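Coordinates in review
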Amino acid sequence: MIRNMKKEDIGQVLDIWLAGNIEAHSFIPEEYWRGKAPEVREQLLLAEIYVYETDGTIQAFAGMQEDYLAGIFVTGSARCAGIGKKLLDHIKERHPAFVLNVYQANRRAVAFYRREGLKIVSEETDPDTGNTEYTMRWRSAVPGQTLNRRLAKINECPHLLHPAAQWFHSKWGIPADAYLESMEQSISSGCAVPQWYLILDEHDEILAGAGIIENDFHDRKDLSPNLCALYVEEKFRGCGLARELLAFIRNDMALQNIPRIYLVTDHTELYETYGWTFLTMVQDESGCPERMYTVSTADHCHRQIT
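Now for a quick tour of the structure. This is a predicted model, so every value here is computed, not measured.

Thresholds, definitions, all that
Residues numbered from 1 in each chain as written. Predicted model: local features only at pLDDT ≥ 70, side-chain atom pairs only at ≥ 80, totals over all residues. Heavy atoms only, no water. Helix = DSSP H or I, 4+ residues; strand = E, 2+ residues; numbered from the N terminus. Contact = heavy atoms within 4.5 Å. Areas by Shrake-Rupley, 256 points an atom, 1.4 Å probe, with all protein chains shown as cover. Pairing = 2+ DSSP bridges. Axes fitted to C-alpha atoms, helices over the stretch in contact; angles between N-to-C directions. Parallel < 35°, antiparallel > 145°, perpendicular 65-115°, else oblique. Left-handed = near helix turned anticlockwise from the far one by under 90°. Nonpolar A, V, L, I, M, F, W, Y, C, P; charged D, E, K, R; others polar.

What the protein chain contains, in helices and strands, is 7 helices and 14 strands. For the C-alpha atoms alone, the extent of the protein chain along its principal axes is close to 70 × 40 × 35 Å. A separation threshold of at least 6 residues defines the contact pool for the protein chain, and within that pool the share at least 24 residues apart is 62%. Approximately 15600 Å² of the protein chain is accessible, and the part contributed by carbon and sulfur atoms is 50%.

Pasting the structure below:
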């Protein structure tokens, strides 16, 4: 069961904290964590701590300091049993928004938090250890809530270059550097292509995004430019974000005298609902067939403001 930590739990909790940090952070000397233990003990006694207990034994805990998740720690024998997720869900129910820091090299933890819906919003070097650290954020979505959102091109928000490249990488698996290079080109070249588009909330969290590039890895180089990497965060689907984003892109392409855009997709009916029409079959770089769609930008000649 999950319950609040009691003062007499501090010994077990501190042991779990120390063992967990030493095991998860082999790239940091063990002495660093042992030296931090007395300070952390005092912080634990003041923080909002939830423990997961089975048969009188604490197997895991999570610590909150206001809206900062200091960490989730599970004993080695209790891992892979969903306990970490239960603790995280417990926190989500009580904190509609929070942030945490996690070392980039702690790949298992980064993957866990991404899988559970947290987003990387920045990265920096931890001055104590010299290791790269991600800041990740969670924000709950309230069903039926009106989203405060804005549509933007990446050249209008260059401070989001690295977070946006990481976001697209996390959705499609293409190296973040490839997205970053294309986005930097869109800012520096002043040309119509490439372009990258985002839907952002009031905290600059990415809700949806897409790009326009010359060719999306298919054999019809003459069918250009191509819409690519369209993605809407799952918890915001059904809110009309894809429709808004596609209309915004068509409008922007029309303003830049691009009369027609194309895309390759596995979907057979989705894009028809947004005004696209099937054009032909093409082949990807491995020779596999793909469906090519197209749409005119002529009827989107006025910039929309949302």
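On to unusual backbone geometry, then. A cis geometry characterises the amide bond from Val193 onward to Pro194, with omega recorded as 5 degrees. Of note, Pro194 is situated in the loop between α6 (176-189) and β9 (195-201). A cis amide bond, omega 0 degrees, links Ser224 with the succeeding residue Pro225. Summarising the element assignment, Pro225 is placed in the loop between β10 (206-213) and β11 (226-232).

Here the focus is the pairing of strand β14 (residues 289-296). Summarising the sheet, strand β12 (residues 260-265) and β14 pair through 6 bridges and their orientation is antiparallel. The residue of β14 that forms the bridge with Val264 is Met292.

Okay, the packing of helix α5 (residues 161-172) against α6 next. In helix packing, the relevant descriptors are the interaxial angle and the interaxial distance, both defined with respect to the helix axes. Where α5 meets α6, the axes come as close as 8 Å, and the angle between the chain directions of the two elements is 135 degrees. Put simply, α5 runs oblique to α6. At the point where α5 passes α6, the crossing takes the right-handed sense. Across from Leu161, His162, Ala164, Ala165, Gln166, Phe168, His169 and Trp172 in α5, the residues of α6 making contact are Ala176, Tyr179, Leu180, Met183, Glu184 and Ile187. In terms of residue class, the contact of α5 with α6 is made up of 10 nonpolar, 3 polar and 1 charged.

Helix α2 (residues 30-46) packs onto helix α1 (residues 10-24) with a crossing angle of 145 degrees between their chain directions and a minimal axis gap of 10 Å. As for the relative orientation of α1 and α2, their crossing is right-handed in sense. Along the contact surface, α1 presents Ile10, Val13, Leu14, Trp17, Leu18, Asn21 and Ile22, while α2 presents Glu30, Trp33, Arg34, Lys36, Ala37, Val40, Arg41, Leu44 and Leu45. Of the residues belonging to the contact of α1 with α2, the class tally is 11 nonpolar, 1 polar and 4 charged.

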